[in-house]
Amino acid sequence: MRDKILNLLGLATRARMITLGEEFVLKQIQGDHALVFLASDAGENIKKKITDKAKTYNKVVVSDFTTDELSKAIGKENRKVILVTDKGFIKKFSEYLNS
């Protein structure tokens, strides 16, 4: 299931349905549709900021993957936080995460 999630993340990236970077994610997490991937090995500071903001706006944070796994999935280096913004992709991720 982990591979399916990472592959889907790659698809979402190619479809330009993701937001990268802590500041951009913090701004866009307020939107209607948002699912956050937070690296399990991210620093405490970024973890706290992202999880607090996600709780405020009632968004799901997935922290089952490492920085390396997330970075490899989207084809960029050293990515700690990724926000998926498309309703269709979020629905599919939810199916995979809940199975």
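From a predicted model like this one, the values you see are computed outputs, not experimental measurements. (Residues numbered from 1 in each chain as written. Predicted model: local features only at pLDDT ≥ 70, side-chain atom pairs only at ≥ 80, totals over all residues. Heavy atoms only, no water.)

### Things to note about the nonpolar core
And then number 1: In this structure, L9, F37, I50, I82, V84 and F93 are the most contacted members of the largest nonpolar core, which totals 33 residues.
And then number 2: Of all the secondary-structure elements, those providing two or more residues to this core are helix 1 (2-14), strand 1 (18-20), helix 2 (22-28), strand 2 (35-38), helix 3 (44-56), helix 4 (67-74), strand 4 (81-84) and helix 5 (87-98).
And then number 3: At 5 residues, helix 1 tops the list of elements feeding residues into this core.
And then number 4: Those residues within four positions of I50 in sequence are excluded, and the remaining contacts are V25, L26, I29, V36, L38 and V81. (Core = buried A, V, L, I, M, F, W, Y, C linked by side-chain atoms within 4.5 Å. Buried < 20%, exposed > 50% of the residue type's maximum accessible area, 1.4 Å probe, protein only. Helix = DSSP H or I, 4+ residues; strand = E, 2+ residues; numbered from the N terminus. Contact = heavy atoms within 4.5 Å.)

### Considerations on the side chain of K59
And then number 1: Secondary-structure assignment places K59 in the loop between helix 3 and strand 3 (60-62).
And then number 2: Despite its burial, K59 pairs with no opposite charge; the closest candidate is D32, at 6.2 Å N-O.
And then number 3: At 2.8 Å, the side chain of K59 and the backbone oxygen of G31 are in polar contact. (Lys, Arg positive; Asp, Glu negative; His and termini not counted. Salt bridge = Lys/Arg side-chain N within 4 Å of Asp/Glu carboxyl O. Polar contact = N/O pair within 3.5 Å; in protein donor to acceptor, adjacent residues only side chain to side chain.)

### Details of helix 3
And then number 1: The terminal C-alpha atoms of helix 3 lie 18 Å apart, and with 13 residues this matches the ideal 18 Å at 1.5 Å per residue to within 8%.
And then number 2: Buried residues of helix 3: I46, I50 and A54, and no others. With its buried residues spanning 55° around the axis, helix 3 presents them on a single face. Exposed and oriented more than 90 degrees from the buried face of helix 3 are E44, N45, K48, K55 and T56.
And then number 3: Where helix 3 is buried, its residues contact helix 2, strand 2, strand 3 and strand 4.
And then number 4: Once helix 3 finishes, N58 follows within two positions and takes phi at roughly 60°, a positive value. (Expected span 1.5 Å × (residues − 1). Arc of directions from axis to C-beta.)

### Points about the packing of helix 1 against helix 4
And then number 1: At a closest axis distance of 7 Å, the pairing of helix 1 and helix 4 adopts a crossing angle of 45°. The angle between helix 1 and helix 4 places the two elements in the oblique class. Here the hand of the crossing between helix 1 and helix 4 comes out right-handed. Residues R2, L6, L9, G10 and T13 of helix 1 form the contact with helix 4, whose participating residues are E69, L70, A73 and I74.
And then number 2: Partitioning the contact of helix 1 with helix 4 into residue classes produces 5 nonpolar, 2 polar and 2 charged. (Axes fitted to C-alpha atoms, helices over the stretch in contact; angles between N-to-C directions. Parallel < 35°, antiparallel > 145°, perpendicular 65-115°, else oblique. Left-handed = near helix turned anticlockwise from the far one by under 90°. Nonpolar A, V, L, I, M, F, W, Y, C, P; charged D, E, K, R; others polar.)

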